[in-house]
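So the chains spell out like this:
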Amino acid sequence: MTYLNKMPSTLETPVSNATSTSEPTSTTATTTMTTAPSNNNNNSNTAAAAATKKRCWRRRTVHFTVFLAVFSTILSLLWVYTLTAELRRKAFDRNMTQNVLYHVSMDNPQLAAYIRGIHMHPTMRQEPLNASQTPEERFVASQFQSKREGVYIEYMSRVGAASTTGWLEASLDWRGVMIFTDPRNSLDAKRSSRNPKTRVLRACLSNDNDTKEITYHQEADVQVTKLGDGPNSLVFSKESLPATRLICFPLYSILLAYNTTTLDYLSLDSTEIQDGLALQQVLDTIPWNSVRISILSIYWSPHHSEAETESVVKKLSSRSYKRVKNIGTDKLVFLYNRGLKI
């Protein structure tokens, strides 16, 4: 009996041990089963993130490619438009030169539009204006009683020539056309702070009623000395810079291009009209019945004889102009008799 009673006790021990031993195994299996899905989820999240980044990169690449294509297309169209516009402008200049300049009268509206649109330039107001008053400006201001917003034309093709309109613009708000044969003087005038309505024109004055193109030799000391014997030629005393092509317009055509036939002041400061015959030729291009010029100033070298001076005075006297003396300048200054009194 004693043996039988002890048997269950002996048998219970292994069962208890088995039960005790089986518990860690179950826990380990549970942990393993729990870890496996977690790793799978992490891998899935990583793959999903990588796929999302790849899609974002592709979208960005597509957007950038589309932007680059559109930008390149617009840039190409702008370049083509600019090139086409430049070619059209050159073709217009060439056609105007061939079909208009040399085959029309000096009062032709197309010629005036060509001068206004192609050759007349406004000032850029980049440099200060020299506003020192000259004797000519003092006389002009006194005759017009300090009139404001007057109109002038100033032609300068002489080395060392000083403008006689700067003070009129700065003090009395005058405006007009400045004509230069020297490209450097023309560029300096474009940079000046003149009236916004003032225009700068690089050209020469024609000695007849036709527009012509000449070969112009720019010089360091002496520019044009006189009009040559040929129809489209100039004679020069010394050449130092390469020759360029220069268009000579009739003065009346320039007036029409500036939309005026009335001038308060005309200044001709040029060596090319020093010859008495050349000066008369330039003045003869003016239709005096259609143009009104109140004050006329002409550069006149002292080496001219008294007979040459009297010839010019007589020429302008026939146009109702009277010479004004003793105003502090070596220029010939004439006043229109019917407009003002001395």
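Quick caveat: nothing in here was measured; it's all calculated off a predicted structure.

**Digging into the overall build of the protein**
Assigned secondary structure in the protein consists of eight helices and 13 strands. Of all 342 residues assigned to the protein, the portion counted as buried reaches 39%. Roughly 19700 Å² of accessible area belongs to the protein as shown, and the carbon and sulfur atoms make up 55% of that amount.

**Focus on the sheet that holds strand β10 (residues 262-269)**
Spatial strand order, β1-β4-β3-β2-β10-β11-β13-β12: eight strands in an open sheet with mixed pairing. Of all the strands in the sheet, just β1 (120-122) and β12 (321-324) have a single pairing partner and so form its edges. On average, each strand axis in the sheet is tilted by 20° relative to the strand beside it, whichever way the strands run. As judged from the six bridges shared by strand β2 (residues 151-156) and strand β3 (residues 175-180), these two strands associate in the parallel manner. Its bridge partner lying in β3, methionine 156 is registered against phenylalanine 180. Sheet strands touched by helix α2 (residues 109-119): β1 and β4 (199-202). Its angle to β1, the strand with the most contacts, is close to 40°. Strands in contact with helix α3 (residues 135-143) are β10, β11 (292-298), β12 and β13 (332-336); relative to β11, the strand with the most contacts, it is inclined by about 155°.

**Structural notes on the layout of surface pockets**
Of the voids in this model, the largest pocket is the one considered here, and its volume is about 450 Å³. Lining the largest pocket are 20 residues; nearest its centre among them are Leu129, Asn130, Ser163, Met178 and Arg194. For the lining of the largest pocket, the secondary-structure elements that each account for two or more residues are α4 (166-172), β3 and α5 (183-191). Top contributing element to the lining of the largest pocket by residue count: α5, with three residues.

**So, unusual backbone geometry**
Glycine aside, a negative phi is what most residues show, and trans is what most peptide bonds show. The phi torsion at serine 146 lies on the positive side, around 55°, for a residue other than glycine. A relative accessible area of 43% means that serine 146 is categorised as partly exposed. Phi is positive for serine 320, close to 70°, though the residue is something other than glycine. Position of serine 320 relative to the elements: it lies in the loop between α8 (306-317) and β12.

**Considering the nonpolar core**
Grouped together as the largest cluster of nonpolar side chains are 49 residues, with contacts concentrated most on Ile153, Ile254, Leu268 and Phe334. Here this core gets six residues from one element, more than from any other, and that element is helix α6 (residues 251-257). Val140, Trp167, Trp174 and Ile295 belong to the second-largest nonpolar core, a separate cluster that totals 20 residues.

**Regarding the environment of tyrosine 152**
Within the secondary structure, tyrosine 152 is located in strand β2. Judged by relative accessible area, which is 0%, tyrosine 152 ranks as buried. Not counting residues within four places of it along the chain, the set of residues in contact with tyrosine 152 comprises Thr165, Glu169, Trp174, Arg175, Gly176, Val177, Met178, Arg194, Thr198, Leu263 and Tyr265. Polar side-chain contacts of tyrosine 152 include one of 2.4 Å to the side chain of glutamate 169. Within the local environment of tyrosine 152, its side chain forms a polar contact with the side chain of arginine 194, the two groups lying 3.2 Å apart.

**Thoughts on empty space enclosed by the protein**
Tallied over the full model, the rule gives one cavity of 30 Å³ or more. In this structure, the largest cavity spans a volume of roughly 30 Å³. Around the largest cavity, the lining residues are Leu283, Asp284, Trp288, Lys315, Leu316 and Arg319. Mapped onto the lining of the largest cavity, the elements with two or more residues apiece are α7 (276-284) and α8. Its residues assigned to classes, the lining of the largest cavity shows three nonpolar, no polar and three charged.

Procedures and definitions
- Residues numbered from 1 in each chain as written.
- Predicted model: local features only at pLDDT ≥ 70, side-chain atom pairs only at ≥ 80, totals over all residues.
- Heavy atoms only, no water.
- Helix = DSSP H or I, 4+ residues; strand = E, 2+ residues; numbered from the N terminus.
- Buried < 20%, exposed > 50% of the residue type's maximum accessible area, 1.4 Å probe, protein only.
- Areas by Shrake-Rupley, 256 points an atom, 1.4 Å probe, with all protein chains shown as cover.
- Pairing = 2+ DSSP bridges.
- Axes fitted to C-alpha atoms, helices over the stretch in contact; angles between N-to-C directions.
- Contact = heavy atoms within 4.5 Å.
- 1 Å grid on protein atoms, 1.4 Å probe; cavity = no way out; pocket = protein on both sides within 12 Å on 5 of 7 lines; lining within 4 Å.
- Points joined across faces, edges and corners; volume = space filled by probe spheres on them.
- Core = buried A, V, L, I, M, F, W, Y, C linked by side-chain atoms within 4.5 Å.
- Polar contact = N/O pair within 3.5 Å; in protein donor to acceptor, adjacent residues only side chain to side chain.
- Nonpolar A, V, L, I, M, F, W, Y, C, P; charged D, E, K, R; others polar.

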